[in-house]
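# Structure at a glance
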Amino acid sequence: MSEPTPRPASAQPDDEIDALLTLSRHWRLLVVGPLIIGALAVAGSFLVDPTFTARTSFLAPQQQGGAASALATLGPLAGLAGLTGGARTPAEQYVALLRSTTIQDRIIDRFDLMKVYDNKYRSDTRRDLEQNVRVLLGRREGIIEVEVDDHAPERAARVLEELVLRDEEPEE
């Protein structure tokens, strides 16, 4: 059997020259292509409406007040009726309250969100509101985190304020 013959050392520069020739032939595509893609990406970013996020964290009220006290007074019956969603601590009850349909409906009516979200049905508006409002129980015990996304920064802040502060005031 014959052994394969090694390539002569002079073949390597030819490969490099061939690569440089190929690059020089396609320089326009290599330079102009990324510039065009970058310009399209920048133009596309101006077409997207900005989304503003209002965010806060607070301790769950230990002394139940407002509508949260109604859940606390029901005690185990609230859990049986499914009103608290299985919430056991005051913080979990408060999160369940903030996620409730009653609170969502109040926010929808107060800020006329059916028109803002361009929905015909309240259930569609609730779904959109659920996507834009996040109420989470924080990592530390009793900390509740609330975030509201909206295309209008003022409305995001006002919805957040309504969710967090309005619960303690008596219903009108």
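Residues numbered from 1 in each chain as written. Predicted model: local features only at pLDDT ≥ 70, side-chain atom pairs only at ≥ 80, totals over all residues. Heavy atoms only, no water.

### Section: the pattern of salt bridges
In the structure shown here, the tally under the stated rule is 12 salt bridges. Close ionic contact of D112 with K115 constitutes a salt bridge, the shortest N to O distance being 3.8 Å. The exposure class assigned to K115 is exposed, which follows from its relative accessible area of 66%. Note that E147 is salt-bridged to R134, the shortest N-O span being 2.8 Å. (Salt bridge = Lys/Arg side-chain N within 4 Å of Asp/Glu carboxyl O. Buried < 20%, exposed > 50% of the residue type's maximum accessible area, 1.4 Å probe, protein only.)

### A short note on helix 9 (residues 153-165)
Taking 1.5 Å per residue, 13 residues should reach 18 Å; helix 9 reaches 18 Å between its end C-alpha atoms and fits that length. When helix 9 is considered as a whole, its buried residues turn out to be R155, A156, V159, L160, E162, L163 and V164. Here the buried face of helix 9 lies against strand 1 (52-59), helix 5 (90-98), helix 6 (101-110), helix 7 (113-116), strand 2 (133-137) and strand 3 (143-150). (Helix = DSSP H or I, 4+ residues; strand = E, 2+ residues; numbered from the N terminus. Expected span 1.5 Å × (residues − 1). Contact = heavy atoms within 4.5 Å.)

### Re a nonpolar patch on the surface
Among the surface-exposed residues, L20, L23, W27, L30, V31, V32, L35, I36, I37 and L40 lie close enough to one another that they form a single nonpolar patch of about 1000 Å² accessible area. Elements supplying a minimum of two residues to the nonpolar patch: helix 1 (11-25) and helix 2 (27-47). The leading source of residues in the nonpolar patch is helix 2, at 8 residues. With respect to the helices, strands and loops of the structure, V32 is situated in helix 2. The partly exposed category is assigned to V32, whose relative accessible area is 37%. (Patch = residues over 30% accessible without salt bridge, like charges linked within 9 Å, V, L, I, M, F, W, Y side chains within 5 Å. Areas by Shrake-Rupley, 256 points an atom, 1.4 Å probe, with all protein chains shown as cover.)

### Some details on the packing of aromatic side chains
Working definition: an aromatic ring pair is given by the centre-to-centre distance plus the angle between the planes. Across all of its chains, the model carries 1 aromatic pair by this definition. Aromatic side chains F58 and Y94 sit 5.8 Å apart centroid to centroid with 80 degrees between the ring planes, which places their arrangement in the edge-to-face category. Note that F58 is positioned in strand 1 and Y94 in helix 5, a separation of 36 residues in sequence. Accessibility expressed as a relative area gives 16% for F58, which makes it buried. (Phe/Tyr/Trp six-rings, centres within 6.5 Å; stacked < 30°, edge-to-face > 60°.)

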